[in-house]
Amino acid sequence: LYHQYLICYPALRPIMAYAATLGIPVLMHAGKVMDSVSLRQQPRLSHAGHFLKAVEMFPETTLVQGHIGGGGDWEWNLRTLEALKPSAKYYLDTSGSVIDAGIVHKTVATLGEDRVLFATDTSFEEGVGKILDAGLSEEQLQKIFSANFHRILSQRRA
């Protein structure tokens, strides 16, 4: 989904319910914009706070927040996600144009490697490079690059 609605908007309930029935994830474009121009241009851009609400509203639906580095304050995003319950069906992908030093390491430290998915929407080299630069173990890399996504796919019922 893009940002026609916030991820926690009640109008999405039928989509979320159908996705849960099929056992497929819902990925939503996200970011935490801070400047007034971006806020006016993207008033319905979901951020981590919206995802926390959506996890409560749609507990049977697997949610993927697109872009740890998709715009704005990614560190605020991680601080907010510290409130995530262990039972939440929530994942965060590593895509986005931000390649700040430590972004993937801090994401794994906050959420654990079981909730992080490899993704890139910029150059492939940057997308892979920021993960390889995070100082993670081979097991953590395997989970992020493929095992976590395969685990999500194994839930499909369609």
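No experiment lies behind these values; they were computed from the predicted model shown.

What about the layout of surface pockets?
Counted as a void, the largest pocket has a volume near 210 Å³. Lining the largest pocket are 14 residues; nearest its centre among them are G23, E60, T62, K89 and Q155. Taken together, the residues of the lining of the largest pocket sort by class into six nonpolar, four polar and four charged.

Side note on the sheet that holds strand β4 (residues 116–117)
In spatial order, the strands read β1-β2-β3-β4; together these four strands make up an open sheet with parallel pairing. Edge positions in the open sheet fall to β1 (26–29) and β4, since each of these has one partner strand only. Relative to strand β3 (residues 90–93), strand β2 (residues 63–66) runs parallel, the two being bridged by three bridges. Bridged to V64 within β3 is Y91. Along the sheet face, helix α3 (residues 48–57) touches β1, β2 and β3 and points at about 175° away from the line of β2. Its contacts with the sheet put helix α4 (residues 74–81) on β2 and β3, and the angle it makes with β3 is roughly 165°.

A short note on empty space enclosed by the protein
Counting across every chain of the model gives one cavity of 30 Å³ or more. Its boundaries defined by the atoms lining it, the largest cavity holds a volume of some 40 Å³. Every residue lining the largest cavity is listed: G31, K32, Q65, H67, I68, G71, D73, W74 and N77. The residue makeup of the lining of the largest cavity, split by class, is two nonpolar, five polar and two charged.

Considerations on the pattern of salt bridges
Counted under the stated rule, the structure contains five salt bridges. For E75, the salt bridge identified is with K106, shortest N-O distance 3.1 Å. Pair noted here: E75 is in helix α4 and K106 is in helix α5 (residues 103–111), with a separation of 31 residues, a long-range link. The partly exposed category is assigned to K106, whose relative accessible area is 37%. Across the pair K143 and D114 runs a salt bridge whose closest N-O atoms are separated by 2.9 Å. With K143 in helix α7 (residues 138–153) and D114 in the loop between α5 and β4, this residue pair connects regions lying 29 residues apart in the sequence. You can call D114 partly exposed: its relative accessible area is 35%. Overlapping salt bridges bring together E113, D114, E139 and K143 as one network.

Topic: the nonpolar core
With 34 residues, the main nonpolar core has L63 and Y90 as its most contacted residues. Listing elements by their share of this core, those giving two or more residues are α1 (13–22), β1, α3, α4, β3, α5 and α7. Top contributing element to this core by residue count: α3, with five residues. If near-sequence neighbours (up to four positions away) are discounted, Y90 is found in contact with F51, V55, L63, Q65, L81, L84, L111 and R115.

Brief notes about α1
Since there are 3.6 residues in each turn of an α-helix, residues three or four apart along the chain are aligned in direction. Regarding α1, the residues found buried are M16, A19, A20 and L22. Axial view of α1: buried residues confined to an arc of 165°, hence all on one face. Exposed and facing more than 90 degrees away from the buried side of α1 are P14, Y18 and T21. Its buried side turned inward, α1 meets β1 and β2. Where α1 ends, the next residue or the one after it, G23, has phi of about 75°, a positive value.

What counts, and at which threshold
Residues numbered from 1 in each chain as written. Predicted model: local features only at pLDDT ≥ 70, side-chain atom pairs only at ≥ 80, totals over all residues. Heavy atoms only, no water. 1 Å grid on protein atoms, 1.4 Å probe; cavity = no way out; pocket = protein on both sides within 12 Å on 5 of 7 lines; lining within 4 Å. Points joined across faces, edges and corners; volume = space filled by probe spheres on them. Nonpolar A, V, L, I, M, F, W, Y, C, P; charged D, E, K, R; others polar. Pairing = 2+ DSSP bridges. Helix = DSSP H or I, 4+ residues; strand = E, 2+ residues; numbered from the N terminus. Contact = heavy atoms within 4.5 Å. Axes fitted to C-alpha atoms, helices over the stretch in contact; angles between N-to-C directions. Salt bridge = Lys/Arg side-chain N within 4 Å of Asp/Glu carboxyl O. Buried < 20%, exposed > 50% of the residue type's maximum accessible area, 1.4 Å probe, protein only. Core = buried A, V, L, I, M, F, W, Y, C linked by side-chain atoms within 4.5 Å. Arc of directions from axis to C-beta.

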